[in-house]
Amino acid sequence: MPGLRTVVAAIDLSPASAPAVARAAELADRTGATLHVLFAHLLFRDEGTLGGRAEGVLRLRMERFVADAVGVSRDDLDGIAPIVAIERGVSAQDAITAY
């Protein structure tokens, strides 16, 4: 697939999201594209809502989720180099469209 530069996998951290992440990682690897993993939640408005560490904790959880989905350790994610994006206060549909 010439010209493919970005592959986006939107996840909700459910088991059903894992195959989508695995497929997106495979596609990004085969094409040399950058893998972006997107999580959006309408109620996650800002860091003050859930505490200052909430986004960092969510980011770590997403990285573990991606590592598990593609079958590598979290330390080995550097080889895949996913960009983890968190969108706050928007629906998943709006975040995907805007991304």
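The structure displayed is predicted, hence computed values, not measured ones.

> I tried to follow helix H3 (residues 54–70) on my own but got confused; where do I start?
Residue pairs three or four apart in sequence face the same way in an α-helix, which turns once every 3.6 residues. Across its 17 residues, H3 extends 24 Å between first and last C-alpha, which sits within 8% of the 24 Å expected from 1.5 Å per residue. Looking only at H3, the buried set comprises Ala54, Glu55, Leu58, Met62, Phe65, Val66 and Ala67. Phi turns positive one or two residues past the end of H3, at Gly71, with a value near 80°.

> Before we go on, may I ask you to explain the pattern of salt bridges in this structure?
Here the idea is simple: oppositely charged side chains can pair when their charged atoms come close. Enumeration according to the criterion identifies two salt bridges in this entry. Note that Arg23 and Glu26 form a salt bridge whose closest N and O atoms lie 3.2 Å from each other. Of this pair, Arg23 and Glu26 both sit in helix H1 (residues 18–31), three residues apart, roughly one helical turn. Given a relative accessible area of 43%, Glu26 falls into the partly exposed group. Glu63 is paired through a salt bridge with Arg74; the nearest N and O atoms lie 3.0 Å apart. In this pair, Glu63 is assigned in helix H3 and Arg74 in the loop between H3 and strand S3 (83–88), connecting sequence segments eleven residues apart.

> Looking at this structure, I do not really get the packing of H1 against H3. What am I missing?
For any two helices packed against each other, one specifies the inter-axial angle together with the distance between the axes. Contact geometry for H1 and H3: axes closest at 8 Å, N-to-C directions at 75°. Judged by the inter-axis angle, H1 sits roughly perpendicular to H3. Listed contacts from H3 to Ala18, Val21, Ala22 and Ala25 of H1 are Phe65, Val66, Ala69 and Val70. Looking at the contact of H1 with H3 residue by residue, the classes come out as eight nonpolar, no polar and no charged.

The rules behind each value
- Residues numbered from 1 in each chain as written.
- Predicted model: local features only at pLDDT ≥ 70, side-chain atom pairs only at ≥ 80, totals over all residues.
- Heavy atoms only, no water.
- Helix = DSSP H or I, 4+ residues; strand = E, 2+ residues; numbered from the N terminus.
- Expected span 1.5 Å × (residues − 1).
- Buried < 20%, exposed > 50% of the residue type's maximum accessible area, 1.4 Å probe, protein only.
- Salt bridge = Lys/Arg side-chain N within 4 Å of Asp/Glu carboxyl O.
- Axes fitted to C-alpha atoms, helices over the stretch in contact; angles between N-to-C directions.
- Parallel < 35°, antiparallel > 145°, perpendicular 65-115°, else oblique.
- Contact = heavy atoms within 4.5 Å.
- Nonpolar A, V, L, I, M, F, W, Y, C, P; charged D, E, K, R; others polar.

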